Amino acid sequence: MKYHEVIVVGAGLAGLRAAVETATEFDTAILTQVPPVRSHSGAAQGGVNAPMGNNPAGKEDSVEKHTYDTVKGSDFLADQDAAELMISEATPCIYEMEHWGCPFSRTPEGKIAQRPFGGAGFPRTCYAADKTGLYMLHTLWERSVALNVKTYEERFVTDLVVEDGKCVGVIALNMVTGDFEPYMAEAVIFGTGGPGQVYGRSTNALISTGSGNFIAYKRGVPLKDMEFIQFHPTSLFGTNILMTEGARGEGGYLVNNKGERFMSKYAPTVMELGPRDIVSRSIQTEINEGRGFEGGYVHLDLRHLGREKILDRLPGIRDIAMNFAGVDPIDQPIPIQPGQHYAMGGISTDKNGLTNISGFYAAGECACVSVHGSNRLGGNSLLDTVVFGKLSGKHVKQWMKTKTDRKKGESTIMKTMEDQEKVREELLGRNGSENHAAIREEMRETMILKVGIFRSGEMMQEALKKILDLKERYKNIRVMNKGRKYNLDYLRALELDGMLELAHVITIGAIERRESRGSHSRLDYKTRDDVNFLKHTIATYTPSGPKISYSPVTITKYQPVERKY
Ligand SMILES: Cc1cc2nc3c(=O)[nH]c(=O)nc-3n(C[C@H](O)[C@H](O)[C@H](O)COP(=O)(O)OP(=O)(O)OC[C@H]3O[C@@H](n4cnc5c(N)ncnc54)[C@H](O)[C@@H]3O)c2cc1C
């Protein structure tokens, strides 16, 4: 059995940042489904927030102002102490990344450049052209190599091992050999990313299935605020590849089929730089009311920015628009529609990333601390990954120094591994008539159409019925490939089990929340209801479906007020 003092699952920004922290003192290994630099964080384009005030228009910025924007953006559902903590760590974390070699774009005088982003009072989004996530990911990956972090690639973690309330390791499927492998550890940190693929029209990678959320949930860790799903305003029509908010930050316009900059009706003060929930709803309203273009899109117009600025600040966006939509943004507007983008909810943790299981932590998009509440601001997710990756790692280091019992749980780990073998045998042994890929597509379509930007009790009850039906049909699937080596047919079928469960959690949480708040916009309950719903949704696993309860929101300085932009 392999043993490492700390095991990190996931090599995106959160996982790598956590590993880089613990590896300074403890033997640390990463298990990851894909090679680190293929992690989804590499797709992040626009940038990462910090109240540095490097842009002359942002020199009045401060931790307090950034915190307020975050809390207001969250529609007052973020825990204010957690948001303030994240933002007070932001500038040091960005400098750390810079010192480790991250090639941020620069101001003329050589400081880290900052661009405006939605819902932000000041230009505070640090960027590296429009490939910020990729550069940050490479920087942290190099750092992890320098610190001798051992990386096991193409390992799909299928279970967490818990003994007497303590996490003692994980079980991973070696995707290449098809063998299950046992790993023992003193602490485990999940940085397994979001569940975007539960939805159709997602900007997320195919590997963003929320497998980490499901594993934790099934092991008794609650999922928090899962009904809050972010729809990004500008994904490319047809493929839903992201067109970064940085495009609007650099001055891009949103235009309907009448040639109007329609945001003047919805957010007159900030126009295209409203928070994402409001801009997405505005676009969808234009489309629904017949002011979109045929097929269901509006235009993102960058032409007035000029060739030079587009080539300098948004080269990746231009490439994507040319290659996937056949339009050159220098001469033509880009067809866009809202797409599923981010999960505000996730594995419930405290401010150190710690869950309700001793020794088990989560950070990044898979976790919910909560700092984003019901709507995340652009640029705050990359910040969340590096800050809470670091803080989880720090807490593990302190805790390890006081931990007296070591190398526990061998028999439980072996037993859990045998159970995983049985799960595979059972799954491969099913010879039903259902195709799991078809079930996946039906789930994704149901979620985007019925638990999407606009929802109602009636639509969500239909979605729930469908999900329960899909769960039944899942029992009758047939995995065609019965082999062991690199069996993606089996892996996709296995992931679907968890995705259906997450779809169930999202839908039940959304049905029960009878109000509109942030990204959760109900046609039958159109206003925010602080009296009854200023609280976090907590979903706990039971074999018959999620059990919903609620926990209080931490309010420190900012009393909830109506959000206006
Ligand atoms: C196109 C796009 C652009 C974005 N741009 C921005 C931006 O400009 N600014 C911003 O703040 N945010 C942005 N976001 C959001 C942000 O990029 C993500 O929320 C963030 O990068 C997630 O990082 P992570 O480390 O939590 O997870 P990921 O980067 O998704 O990494 C997850 C890791 O977990 C591993 N993994 C998952 N499950 C398993 C398993 N069962 N076993 C083993 N390994 C597993 C994967 O291999 C991967 O290494 C963007 C998102 C998208 C989709």
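Refer to the preceding data block for the structure.
Residues numbered from 1 in each chain as written. Predicted model: local features only at pLDDT ≥ 70, side-chain atom pairs only at ≥ 80, totals over all residues. Heavy atoms only, no water.

**Student:** I keep staring at the overall build of the protein and nothing clicks. Help me out?
**Tutor:** In terms of helices and strands, the protein carries 17 helices and 21 strands. For the protein, the C-alpha atoms occupy an extent of roughly 65 × 55 × 50 Å along the three principal directions. Buried positions account for 63% of the 565 residues belonging to the protein. Residue pairs at least 24 apart in sequence account for 74% of intrachain contacts in the protein once pairs closer than 6 positions are excluded. Separation of charge centres in the protein, based on 70 positive and 70 negative side chains, amounts to 0 Å. (Helix = DSSP H or I, 4+ residues; strand = E, 2+ residues; numbered from the N terminus. Buried < 20%, exposed > 50% of the residue type's maximum accessible area, 1.4 Å probe, protein only. Contact = heavy atoms within 4.5 Å. Lys, Arg positive; Asp, Glu negative; His and termini not counted. Charge placed at Lys NZ, Arg CZ, Asp CG, Glu CD.)

**Student:** Whenever I open this one, the layout of surface pockets confuses me. Can you help?
**Tutor:** If a probe the size of a water molecule is rolled over the atoms, the empty space left behind becomes visible. Considering only enclosed or pocket space, the second largest pocket measures out at about 680 Å³ in volume. Lining the second largest pocket are 28 residues, with F214, K218, V423, L494 and D497 sitting closest to its centre. For the lining of the second largest pocket, the element with the highest residue contribution is helix α16 (residues 488-512), accounting for seven residues. (1 Å grid on protein atoms, 1.4 Å probe; cavity = no way out; pocket = protein on both sides within 12 Å on 5 of 7 lines; lining within 4 Å. Points joined across faces, edges and corners; volume = space filled by probe spheres on them.)

**Student:** Just to check I follow, could you spell out the packing of aromatic side chains for this structure?
**Tutor:** Pairs of aromatic rings are described using the distance from one ring centre to the other and the angle between the two planes. If you walk through the whole model with that rule in mind, you get 10 aromatic pairs. Between F237 and Y297, the aromatic rings sit 4.6 Å apart at their centres with planes inclined by 35 degrees, giving tilted as the arrangement. In this pair, F237 is assigned in the loop between β11 (229-236) and α7 (246-249) and Y297 in the loop between α9 (276-288) and β13 (298-301), connecting sequence segments 60 residues apart. For F237, a relative accessible area of 28% corresponds to the partly exposed category. Take Y297: its relative accessible area is 17%, and that puts it in the buried class. Where F533 meets Y550, the ring centres are 6.5 Å apart and the plane angle is 75 degrees; that geometry is what we call edge-to-face. With F533 in helix α17 (residues 530-533) and Y550 in strand β21 (residues 547-552), this pair connects stretches of sequence that are 17 residues apart. Judged by relative accessible area, F533 falls into the buried class, the value being 7%. An aromatic cluster is present here, built from Y68, F76 and Y558 joined pairwise through their rings. (Phe/Tyr/Trp six-rings, centres within 6.5 Å; stacked < 30°, edge-to-face > 60°.)

**Student:** How do you make sense of the pattern of salt bridges when you look at a structure like this?
**Tutor:** Oppositely charged side chains may form a pair once their charged atoms are brought near each other. Within the structure shown, the criterion is met by 55 salt bridges. With its nearest N and O atoms 3.1 Å apart, the salt bridge here joins K390 to E96. Note that K390 is positioned in helix α12 (residues 380-402) and E96 in helix α4 (residues 90-99), a separation of 294 residues in sequence. Across the pair, E96 and K390 agree in class, each one buried. One connected set of salt bridges, linked through shared partners, spans D75, E227, D277, R281, R513, E515, R517, R528, D530 and R563. (Salt bridge = Lys/Arg side-chain N within 4 Å of Asp/Glu carboxyl O.)

**Student:** Help me out: how do you make sense of the packing of helix α3 (residues 80-88) against α12 in this one?
**Tutor:** How two helices sit against one another is set out by the angle between their axes and by the gap between those axes. For the pair α3 and α12, interaxial distance at closest approach is 9 Å and the crossing angle is 90 degrees. The pairing of α3 with α12 is recorded here as roughly perpendicular in orientation. The residues of α12 that touch α3, namely those facing A82, L85, M86 and I87, are N380, L383, D384, V387, F388 and L391. Broken down by class, the residue content of the contact of α3 with α12 amounts to eight nonpolar, one polar and one charged. (Axes fitted to C-alpha atoms, helices over the stretch in contact; angles between N-to-C directions. Parallel < 35°, antiparallel > 145°, perpendicular 65-115°, else oblique. Nonpolar A, V, L, I, M, F, W, Y, C, P; charged D, E, K, R; others polar.)

**Student:** Help me understand the nonpolar core, please; the structure alone is not making it clear to me.
**Tutor:** V188 and F190 are the most contacted members of the largest nonpolar core, which totals 74 residues. Looking at this core, the element that brings in the most residues is α16, giving 14 residues. Discounting residues that sit within four places of it in the chain, F190 has contacts with V9, V157, L160, G212, I215, I347, F360, Y361, A362, A363 and C366. A14, A23, V48 and A50 belong to the second largest nonpolar core, which has 44 residues in total. (Core = buried A, V, L, I, M, F, W, Y, C linked by side-chain atoms within 4.5 Å.)

In short, shape yes, function no, at least from these values alone.
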